[in-house]
Amino acid sequence: MEIVIKNLETIRESARAFIQHIGDARVFAFYGKMGAGKTTFVKAICEELGSEDVITSPTFSIVNEYTTHDASLTMPQVYHFDFYRIKKLEEVYDMGYEEYFYSGALCLIEWPELIEDILPDDAVKVTIEEQPDGTRKVSF
């Protein structure tokens, strides 16, 4: 599946299209270069799911939890991870990643390259690429 984010004004529309296609999957690994728009897209997804929380990158905290109001989710929590600053996989073990990844809650993971060995087998790979015209292509 591919979704094009034309600009920031249409990102929520793109997030809605993404949500419509997630099916039963719960763990999504977002790949993309620095500045590709991963955090911005995750924020739009959470907002479209009805979260009223302040949605920011969990770069320093590693994980942020948001509450949603979307009845299509079996659990109202969304866990947003940013593994950019992880130095060793042991840090992820120490944070109890399994409790999050296998909770049934929606998990949105930035910089999954650093933890690929422990991603669930059914994690969905999402790639965000900036195009020459400034749009972003989301593939999953």
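### Some thoughts on the overall build of the protein
A tally of regular secondary structure across the protein gives four helices and seven strands. Walking the protein from its N terminus toward its C terminus, one meets helices and strands in the order β-α-β-α-β-β-α-α-β-β-β. Across its three principal axes, the protein shows a C-alpha extent of roughly 40 × 35 × 30 Å. The buried share among the 140 residues of the protein stands at 46%.

### A word on the environment of Phe81
Of note, Phe81 is situated in strand E4 (residues 77-82). Residue classification places Phe81 among the buried residues on the basis of a relative accessible area of 0%. Phe81 sits 60 residues away from His21 along the chain, and the two C-alpha atoms are 21 Å apart. In contact with Phe81, not counting residues within four places along its chain, are Pro58, Ile62, Val63, Met95, Tyr100, Phe101, Cys107, Leu108, Ile109 and Glu110.

### Thoughts on the packing of helix H1 (residues 11-20) against helix H2 (residues 38-48)
Two elements in contact, H1 and H2, have axes separated by 8 Å at closest approach and are oriented at 70 degrees. The angle between H1 and H2 falls in the class roughly perpendicular. When H1 is examined against H2, the residues Ile11, Arg12, Ser14, Ala15, Arg16, Phe18 and Ile19 are found in contact with a partner set consisting of Thr40, Phe41, Ala44, Ile45, Glu47 and Glu48. Grouping the amino acids of the contact of H1 with H2 by side-chain chemistry returns seven nonpolar, two polar and four charged.

### Let's talk about the side chain of Arg136
Positionally, Arg136 belongs in strand E7 (residues 136-139). Ignoring sequence-local partners within four residues, the contact set of Arg136 consists of Ile3, Val4, Ile5, Gly35, Ala36, Gly37, Ile128, Glu129 and Glu130.

### Quick notes on the pattern of salt bridges
What the rule picks out here adds up to seven salt bridges. We note a salt bridge from Lys43 to Glu47, for which the minimum N-O separation is 4.0 Å. A residue pair is termed a helical-turn pair when its members lie 3 or 4 positions apart in one helix, as Lys43 and Glu47 do in helix H2 at four residues. Note on Glu47: relative accessible area 27%, which makes it partly exposed. Taking the shortest distance from any N to any O, the salt bridge between Lys137 and Glu129 comes out at 3.8 Å. Of the residues examined, Lys137 reaches a relative accessible area of 22% and is grouped as partly exposed.

### Regarding H2
Turning to H2, its buried residues number three or more, namely Lys38, Phe41, Val42, Ala44, Ile45 and Cys46. Phi for Gly50, located one or two positions after H2, is positive at around 90 degrees.

Conventions adopted
Residues numbered from 1 in each chain as written. Predicted model: local features only at pLDDT ≥ 70, side-chain atom pairs only at ≥ 80, totals over all residues. Heavy atoms only, no water. Helix = DSSP H or I, 4+ residues; strand = E, 2+ residues; numbered from the N terminus. Buried < 20%, exposed > 50% of the residue type's maximum accessible area, 1.4 Å probe, protein only. Contact = heavy atoms within 4.5 Å. Axes fitted to C-alpha atoms, helices over the stretch in contact; angles between N-to-C directions. Parallel < 35°, antiparallel > 145°, perpendicular 65-115°, else oblique. Nonpolar A, V, L, I, M, F, W, Y, C, P; charged D, E, K, R; others polar. Salt bridge = Lys/Arg side-chain N within 4 Å of Asp/Glu carboxyl O.

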